[in-house]
Amino acid sequence: MDSEATRKASVLFDTLKRKVSRQQFATWFQRTRVVAWKGGEITVGVPNRFYQEWMQKHFIGVVAEAAGEVQDAPARVAFQVLDEPAPDSPAPEIAAPSVSATPAPQPAAQPVDDGRYVPTPFVGSGAHDAPLRLNEHYTFDNFVMGPSNSVAYAAAMAVAQKPGRAYNPLFIHGSVGLGKTHLLHAICRDFMRRSPQDRVCFLSCEEFTNEFVQALGRKDLQRFRDRFRTVNLLVIDDIHFLEGKERTQEEFFHTFNQLYRGNQQIVVSSDAAPSEIPTLEERLVSRFQWGLVTKLEQPEMETRMAILRRKAEIRDMHVPGEAIEYIADSIRSNIRELEGALLSIQARARVTQEHITLSLVKEALAGSASGTRKVITLDDVVGLVCDHFQVRIGDLRSKKRGRSVSEPRQVAMYLMRRVTKHSLDDVGAFFGGRDHSTVLYAVRKVQSRVDEDQRFSALMDRMADRLGGR
Ligand code: ADP
Ligand code: MG
């Protein structure tokens with residue numbers, strides 16, 4: 001684009017900022033840019049087909065109006081998808097849903113639980129299946145939208161409304177406690193309400209794996225296959241668990257293909273994007289990219305506050321505004337922890353029989369795991385690393401060499417430096433009295449791999465995440 005077009009584009013965005021809400025701008029316009037401005041025709045580049053349809057439906061008028069003001073003449077606007085991986089197979093077009101649509105009443109609620117959800121292995125809504133056990137609170141209605149999650153939310157609604165025809169598969173990723181499971185439950189619930197005759201299967205990837213392994217053991221694959229390959233909606237939570245499991249990946253791949261061919265909807269969640277799950281087969285990565293891959297980001301202050309208000313309302317708690325603000329400011333990266341904080345506050349208010357005030361909140365948070373960050377120990381790190389690399393703690397702490405132990409050992413050293421406050425000497429001492437320069441060497445070596453290798457870097461992020469110390 002020439003400099004005149006660039007200038008107009010920048011004025012256009014300033015104008016748009018005034019015409020749409022801050023949240024709309026952050027959600028829908030932050031990731032767009034003007035790619036051409038010729039005569040009265042403006043082409044706006046958007047990240048994917050979902051954005052394209054959405055913007056076409058909701059924002060074309062306002063963008064044309066703003067562009068008209070900028071060039072002082074009527075403008076025509078088109079949205080164009082930029083650098084999206086080309087789908088290997090065409091997906092049918094649909095219109096994006098309206099997020100503002102009021103959700104219909106939910107089916108009969110189950111007994112109130114404490115907010116925790118106990119997964120059940122296999123569930124379905126067909127007559128011959130066990131009833132689907134969903135957390136009654138995990139509905140679209142109870143999901144608070146903000147710039148960090150509204151694309152994922154809208155996509156989840158689209159999928160529940162037009163299963164198999166909107167975005168297939170839908171891949172929702174994001175770090176722990178940001179609402180992946182909540183959205184998956186909401187999809188199942190909404191889907192079942194719309195098509196009570198259809199079969200839904202919701203399970204964690206771990207359960208899928210276990211069932212598969214058991215079926216293998218029983219030499220009864222056919223039944224396993226019949227069960228999974230005949231559903232209308234397959235929802236698998238925490239698909240990153242497929243990491244390193246070749247046979248289960250293979251089985252899932254065939255399940256995927258069969259359902260996809262029959263236009264049945266597939267929804268998965270993961271703690272990383274498809275391409276960032278180490279050892280996930282290329283063909284599965286590309287399958288996942290056929291549909292829509294969308295990320296749940298960490299919620300902003302306003303969203304955290306809105307979530308707290310909603311959760312307090314659900315629990316019938318009266319929490320004053322300043323207290324909400326204090327909690328939202330103390331806990332930033334994980335919504336589950338925000339909820340945990342509310343629970344400890346509620347417990348404290350019950351015990352002391354006081355109203356919830358800012359000072360009660362401060363006291364409650366000071367004493368709870370959610371308020372003060374849990375201290376991560378060297379043992380925590382080594383435990384996770386041994387789990388991941390399938391090595392023994394004893395070997396890691398011994399003088400043993402060889403790649404199979406030295407690599408995990410170096411990773412452990414790196415993570416220790418990253419997520420704990422221990423010194424190089426502490427870490428060296430932990431590993432059987434190695435000196436601090438050995439530790440430093442290991443840390444640098446792992447760091448340089450992190451810098452070069454995106455997948456490895458994502459793995460380190462996730463391990464740090466799981467330890468709770470990003
Ligand atoms: P994940 O599966 O990503 O680890 P969950 O879906 O279990 O996270 O969410 C953790 C908790 O946070 C749940 O209780 C969920 O209801 C809540 N939560 C997450 N995002 C939202 C949101 N946008 N609005 C309301 N509650 C949310
Ligand atoms: Mg989850």
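Located above this text is the structure these notes cover.
In this text the structure is predicted, and so the values were computed from the model without any measurement.

1. Structural notes on the site of ligand 1
Taken together, 18 residues lie near ligand 1, and Gly177, Thr181, His182, Arg336 and Glu339 sit nearest. In the environment of ligand 1, an oxygen atom lies 3.0 Å from a nitrogen or oxygen atom belonging to the backbone of glycine 179. In this structure, an oxygen atom belonging to ligand 1 sits 2.7 Å away from a side-chain N or O atom of histidine 182. Summarising the interface, the protein chains cover 97% of the accessible area of ligand 1, which totals 560 Å² for the free molecule. Those elements giving two or more residues to the shell around ligand 1 turn out to be α6 (180-194), α11 (301-314) and α13 (335-352). Looking at side-chain class alone, the shell around ligand 1 contains 7 nonpolar, 7 polar and 4 charged residues.

2. Observations concerning unusual backbone geometry
In the segment running from asparagine 168 into proline 169, the intervening peptide bond is cis, with an omega of -5°. By secondary structure assignment, the location of proline 169 is in the loop between α5 (150-161) and β4 (170-173). A positive phi angle, close to 60°, is found at asparagine 263, a residue other than glycine. Within the secondary structure layout, asparagine 263 lies in the loop between α9 (246-261) and β7 (265-270). Relative accessible area serves as the criterion here: at 46%, asparagine 263 is assigned to the partly exposed category.

3. So, the environment of glycine 468
If you trace the backbone, glycine 468 turns up in the segment after α20 (454-467). Taking the relative accessible area as the measure of exposure, glycine 468 reaches 28% and is therefore partly exposed. When the C-alpha atoms of glycine 468 and isoleucine 376 are compared, they prove to be 7.7 Å apart, with 92 residues separating the residues in sequence.

So, how was this worked out
- Residues numbered from 1 in each chain as written.
- Chains lettered and ligands numbered in written order.
- Predicted model: local features only at pLDDT ≥ 70, side-chain atom pairs only at ≥ 80, totals over all residues.
- Heavy atoms only, no water.
- Near = heavy atom within 4 Å.
- Polar contact = N/O pair within 3.5 Å; in protein donor to acceptor, adjacent residues only side chain to side chain.
- Areas by Shrake-Rupley, 256 points an atom, 1.4 Å probe, with all protein chains shown as cover.
- Helix = DSSP H or I, 4+ residues; strand = E, 2+ residues; numbered from the N terminus.
- Nonpolar A, V, L, I, M, F, W, Y, C, P; charged D, E, K, R; others polar.
- Buried < 20%, exposed > 50% of the residue type's maximum accessible area, 1.4 Å probe, protein only.

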